[in-house]
Amino acid sequence: QVQVVESGGGLVQAGGSLTLSCIASGNIISINSMAWYRQAPGKQRELVASATSGGSTNLSDSVKGRFAISRDSAKNTVYLQMNSLKPEDTAVYYCNANLRRGGGMWSRDYWGQGTQVTVSS
């Protein structure tokens, strides 16, 4: 079975930096895209950043200029570099991979378990 696992969350002061990592593993035929979402308490899950197989990246307006997404396709890994963190960035961050697995006919989304990012003021 396919696994998607995030790491790198933690507690950081406002203005600090963190880098999150996500690795997709298992019997994967291809990965179409990988993305980062986040969900704060009482809020809906929102898309933060995405990276396609072609190398294009997108960032939400709320993090543009502060965060960066990068992808290492050979390692089935995506990173989220977070700089100038604000308390409003506090959330559980989830990795998403749209991929086709061995034995699967179609691509679908796989989700990581989430990693907590807490930014203190």
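The structure displayed is predicted, hence computed values, not measured ones.

Trainee: Before we go on, may I ask you to explain the packing of aromatic side chains in this structure?
Mentor: Two aromatic rings are characterised by how far apart their centres lie and by the angle between their planes. What the rule picks out here adds up to 1 aromatic pair. One residue, R108, lies across the ring of Y110, its end atom 3.9 Å from the ring centre.

Trainee: Quick question: what am I supposed to make of the state of the cysteines here?
Mentor: A disulfide bridge is the covalent bond that connects two cysteines by way of their sulfur atoms. For the structure shown, the criterion picks out 1 disulfide. Between the sulfur atoms of C22 and its disulfide partner C95 the distance amounts to 2.0 Å. Here the disulfide of C22 and C95 is left-handed, its torsion about the S-S bond being about -85°. Taken together, the residues span a long stretch of sequence, with C22 in strand β3 (residues 18-25) and C95 in strand β9 (residues 91-101) at a distance of 73 residues. No difference in accessibility class separates C22 from C95, as the two residues are buried.

Trainee: Sorry, what's going on with the side chain of N98 here?
Mentor: Turning to its location among the elements, N98 is positioned in strand β9. Given the relative accessible area of 18%, N98 is considered buried. Here D109 takes part through its side chain, which lies 2.9 Å from a polar atom of the side chain of N98. Once you skip the residues sitting within four places of it in the chain, N98 turns out to touch I31, N32, S33, S107, R108 and D109.

Trainee: Help me out: how do you make sense of unusual backbone geometry in this one?
Mentor: Comment: phi is negative for the bulk of residues other than glycine, and the bulk of peptide bonds are trans. A positive phi angle, near 50°, is found at N76, a position not held by glycine. Relative to the assigned elements, N76 resides in the loop between β7 (67-72) and β8 (77-82). Owing to a relative accessible area of 23%, N76 belongs among the partly exposed residues under this scheme.

Parameters and conventions
Residues numbered from 1 in each chain as written. Predicted model: local features only at pLDDT ≥ 70, side-chain atom pairs only at ≥ 80, totals over all residues. Heavy atoms only, no water. Phe/Tyr/Trp six-rings, centres within 6.5 Å; stacked < 30°, edge-to-face > 60°. Lys NZ or Arg CZ within 6 Å of the ring centre and 35° of its normal. Disulfide = S-S within 2.5 Å. Helix = DSSP H or I, 4+ residues; strand = E, 2+ residues; numbered from the N terminus. Buried < 20%, exposed > 50% of the residue type's maximum accessible area, 1.4 Å probe, protein only. Polar contact = N/O pair within 3.5 Å; in protein donor to acceptor, adjacent residues only side chain to side chain. Contact = heavy atoms within 4.5 Å.

Just geometry here; none of it tells us what the structure is for.
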